[in-house]
Amino acid sequence: MSSQIPNAPPDDRPKEVLADLEYGRLTSKEYLHVSKHPVGEPLPVPIDDEPPYSIYIATYISYLILIIIGHIRDITGKIFKPKDYEYLVEKDGFAPWYDGFESFYVRRLKLRIDDCFARPIHGAPGRYIQCFDRERTNHDANYTYSGGSTECLNLSSYNYLGFAQSHGVCTDFSLDITENYGTSACSARNYVGTTDLHKKCEAVTADFVGKEDAIIVSQGYGTNASLFSSLVDSKCLVISDELNHASIRYGIRLSGAIVRVFKHNDIKALEKLIRDQIAQGQPKTHRPWKKIIIAVEGLYSMEGNMCNLPELVDLKDKYKCFLFVDEAHSIGALGPNGRGICDYFSVDPNRVDLLMGTFTKSFGATGGYIAADKHIIDRLRLNYLTNSYSESVPPPVLGQIISSLNVISGKISPGEGKERLERIAFNSRYLRLGLKRLGFIVYGADDSPVVPLLLFLPAKMPAVSRMLYSMKIAVVIVGYPATPLSSARVRLCLSSALTKEDLDYVLTKFSEIGDLIYLKFSSGIAGGSKIPGEPPRWSIEDVLAHNVEDTKKAKLF
């Protein structure tokens, strides 16, 4: 046995079997839906369902008990096992490696459930995912790997359209690109610069999102991290949604611009903030701002809800601001044509000044892009640090991006892109509605492929992760500091690669776990149970019998 991750074992199964495991076959045309918001209708405000107060009390008491036990172990450990705590105490005149309080959460809370996070995988993260088998006998960071792996149904990857395949049109296209551009071009270290393929990829990307031009970079996080330094300075104002991704917040701080934060998706609070800032101007001098940029995300990956784009574009036009939209999770996953949040709301992309997105979620590739008017992109080609100093995107990755965009657009393999888009739209609504009717508290918009299911109590995070893993279902568990302390959750990521039968299995197993460890906290208000004639909480048999028809309704609640 070894603590090192072993090499992936060979998979000798037939190619047809492997292809089906990566992307499931559609079993009925009924299991399709178009993702589109009705034009002119306001964005529904998600109903905030809350658990009983006893759940919140139990959650905080649980954390309090864990904290007390952790401190007792620290105090006694330093006395009776000083060698195990050398990194926390001063030694030979040197300061400790870590402060006991700062590292307390990681050592005394997260380490207890560390086996639920960062499970090593191998192979394509498609419909199924291969997780290396490992064991941890003691509460430390070391694991023992058996060399085997477990095949799990994959609800943990951002593989929205199922393009993360080792077989198919995109794979063949990328292999052709590799052969045409040479094997040395596959290494970004040995291949730096812009080729005709990079220009073609930028043109295809710009055309897909509906902007004049686009610039592509090799890093998703880095796309935002240095963007704002090229756009604003200390005499500019950036107004940021409170739930924006860390890359946006980091990029704004790096730019030196003044930042103001508004309550998540609260348009009235945003308008009041804009009016106040226009009236006050810059700090100290009170001169007018050089620029005011509103920064939001199209789809928020932790909450599963969307920005109110129609009202945002009206607001930015009214006050002559600029609008930046991060479409990392919405591009490819939303809209009848897969073109993101603008497509979903039928908003002209030209009304949004800057569209940012990544190729890692819906397109099975890496890197990111910025799309805007040509004069903005021309300027970014000169002073955008991520573009100027990072390594260029390797040709095989460009091939994956170009081919996946062309599949979605119908330019190659006609009909395939449309089916992928309608499958993820159906899967997202089907699973969300089923979980709500079973009695779980679920956040987010109806059409969101990210489905956060609330767990609350800290002990239920490892319980759900380990039980689902034993049932061969791979999920992502999220807790503090990524979420508030009292809002731990399991985040389910839907994919068009999943079949309706896969989701039925997931709903069945979640129902069993929910009954076993008391996870069905919902009051029913967000799942339709307050409608006269409907049951307060549905059985799994009723959910599976009625969910397909109800999934296609305009509103799920």
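Per an unreviewed UniProt entry, the protein goes by serine C-palmitoyltransferase and derives from Cerrena zonata. Listed in UniProt under the heading Cofactor (unreviewed entry), the comment for the protein reads: "pyridoxal 5'-phosphate".

### What to know about the overall build of the protein
Looking only at helices and strands, the protein features 17 helices and 14 strands. Taken against the 2.2 N^0.38 rule, which gives 24 Å for 557 residues, the C-alpha radius of gyration of the protein at 25 Å falls within 12% of a compact globule. Dimensions of the protein, computed from the C-alpha atoms along their principal axes, are close to 65 × 65 × 60 Å. Taking all 557 residues of the protein together, 53% fall into the buried category.

### Observations concerning the sheet that holds strand β3 (residues 144-154)
Pairing is mixed in the open sheet, where 4 strands are placed in the order β1-β2-β3-β12. Two strands lie at the open edges of the sheet, namely β1 (121-122) and β12 (473-474), each paired on one side alone. The sheet contact formed by β3 and β12 spans 2 bridges and is parallel. Directly across from Leu153, in β12, lies its bridge partner Ile473.

### Observations concerning the pattern of salt bridges
Taken as a whole and assessed by the stated rule, the structure comprises 30 salt bridges. The partner of Asp207 in a salt bridge is Lys411, with the nearest N and O atoms 3.4 Å apart. Of this pair, Asp207 sits in helix α5 (residues 196-209) while Lys411 sits in the loop between α13 (395-409) and α14 (416-438), and the two are 204 residues apart along the sequence. For Asp207, a relative accessible area of 45% puts it in the partly exposed group. Lys316 is the partner of Asp353 in a salt bridge, and the nearest nitrogen-oxygen pair spans 3.3 Å.

### Regarding the nonpolar core
In globular proteins that are soluble, nonpolar side chains generally tend to be buried together. Core analysis: the largest hydrophobic core is formed by 63 residues, its most contacted members being Val296, Leu309, Leu323 and Ile341. In terms of residue count, the dominant contributor to this core is α13 (7 residues). With residues up to four places along the chain from it excluded, the contact list for Ile341 reads Gly298, Met306, Cys307, Leu309, Val325, Glu327, Ser330 and Leu334. With 49 residues, the next largest nonpolar core counts Ile55, Ile113, Leu435 and Tyr443 among its residues.

### Quick notes on the packing of aromatic side chains
Scanning all chains against the criterion turns up 14 aromatic pairs. Centre to centre, the rings of Tyr221 and Tyr250 are 6.4 Å apart; their planes meet at 45°, and the pair counts as tilted. Here Tyr250 lies in helix α7 (residues 246-255) and Tyr221 lies in helix α6 (residues 220-225), a separation of 29 residues in the sequence. Residue classification places Tyr221 among the partly exposed residues on the basis of a relative accessible area of 42%. Residue class for Tyr250 comes out partly exposed when judged on its relative accessible area of 37%.

### What about the sheet that holds strand β11 (residues 450-456)?
As summarised here, the arrangement of the 3 strands in space is β11-β14-β13, forming an open sheet in which the pairing is antiparallel. At either margin of the open sheet sits one strand with a lone partner, and together these are β11 and β13 (476-478). The sheet shows a mean angle of 25° between the axes of neighbouring strands, taken without regard to direction.

### Let's talk about the environment of Ala365
Within the element layout of this structure, Ala365 appears in the loop between β9 (354-358) and β10 (368-372). Distance in space between the C-alpha atoms of Ala365 and Gly399 is 9.1 Å, their sequence separation being 34 residues. Excluding residues within four positions of it along the chain, Ala365 makes contact with Phe359, Thr360, Val397, Gln400 and Ile401.

### What to know about a nonpolar patch on the surface
On the surface, a cluster of nonpolar side chains totalling about 530 Å² of accessible area is made up of Tyr53, Ile57, Ile61, Ile65 and Ile69. Mapped onto the elements of the fold, Ile61 is located in helix α2 (residues 53-80).

### Details of the packing of helix α16 (residues 500-517) against helix α17 (residues 540-551)
Packing of α16 against α17 brings their axes to within 10 Å, and their N-to-C directions diverge by 150°. The angle between α16 and α17 falls in the class roughly antiparallel. Here the hand of the crossing between α16 and α17 comes out right-handed. Of the residues in α17, those in contact with Lys500, Asp504, Leu507, Thr508 and Ser511 of α16 are Ile540, Val543, Leu544, Asn547 and Val548. Looking at the contact of α16 with α17 residue by residue, the class counts come to 5 nonpolar, 3 polar and 2 charged.

### Some points on unusual backbone geometry
Between Tyr480 and the following residue, Pro481, the backbone shows a cis peptide bond with an omega angle of 10°. For Pro481, the position within the fold is in the loop between β13 and β14 (488-493). In this structure, His286 takes a positive phi of about 60° despite not being glycine. Relative to the helices and strands, His286 is located in the loop between α8 (267-280) and β7 (292-297). Assessed through its relative accessible area of 55%, His286 is described here as exposed. Even without a glycine there, the phi angle at Tyr518 is positive, about 60°. Judged by relative accessible area, Tyr518 falls into the partly exposed class, the value being 46%.

### A word on the pairing of β10
Consecutive side chains along a regular strand alternate between the two faces of the sheet. Counting buried positions over the 5 residues of β10 gives 5, a clear majority of the element. A two-sided burial pattern is seen for β10, the buried positions comprising Gly368, Ile370 and Ala372 on one face and Tyr369 and Ala371 on the other. In the sheet, strand β4 (residues 213-217) pairs with β10 via 5 bridges, with the strands oriented antiparallel. Within the sheet, the bridge partner assigned to Ile216 lies in β10 and is Tyr369. Of the strand pairs in this sheet, β9 and β10 are connected by 4 bridges, and their pairing is antiparallel. Directly across from Met356, in β10, lies its bridge partner Ile370.

Quick notes on the rules
- Residues numbered from 1 in each chain as written.
- Predicted model: local features only at pLDDT ≥ 70, side-chain atom pairs only at ≥ 80, totals over all residues.
- Heavy atoms only, no water.
- UniProt positions renumbered as here; feature names shortened; annotations may be inferred.
- Helix = DSSP H or I, 4+ residues; strand = E, 2+ residues; numbered from the N terminus.
- Rg over C-alpha atoms; globule rule 2.2 N^0.38 Å.
- Buried < 20%, exposed > 50% of the residue type's maximum accessible area, 1.4 Å probe, protein only.
- Pairing = 2+ DSSP bridges.
- Salt bridge = Lys/Arg side-chain N within 4 Å of Asp/Glu carboxyl O.
- Core = buried A, V, L, I, M, F, W, Y, C linked by side-chain atoms within 4.5 Å.
- Contact = heavy atoms within 4.5 Å.
- Phe/Tyr/Trp six-rings, centres within 6.5 Å; stacked < 30°, edge-to-face > 60°.
- Axes fitted to C-alpha atoms, helices over the stretch in contact; angles between N-to-C directions.
- Patch = residues over 30% accessible without salt bridge, like charges linked within 9 Å, V, L, I, M, F, W, Y side chains within 5 Å.
- Areas by Shrake-Rupley, 256 points an atom, 1.4 Å probe, with all protein chains shown as cover.
- Parallel < 35°, antiparallel > 145°, perpendicular 65-115°, else oblique.
- Left-handed = near helix turned anticlockwise from the far one by under 90°.
- Nonpolar A, V, L, I, M, F, W, Y, C, P; charged D, E, K, R; others polar.

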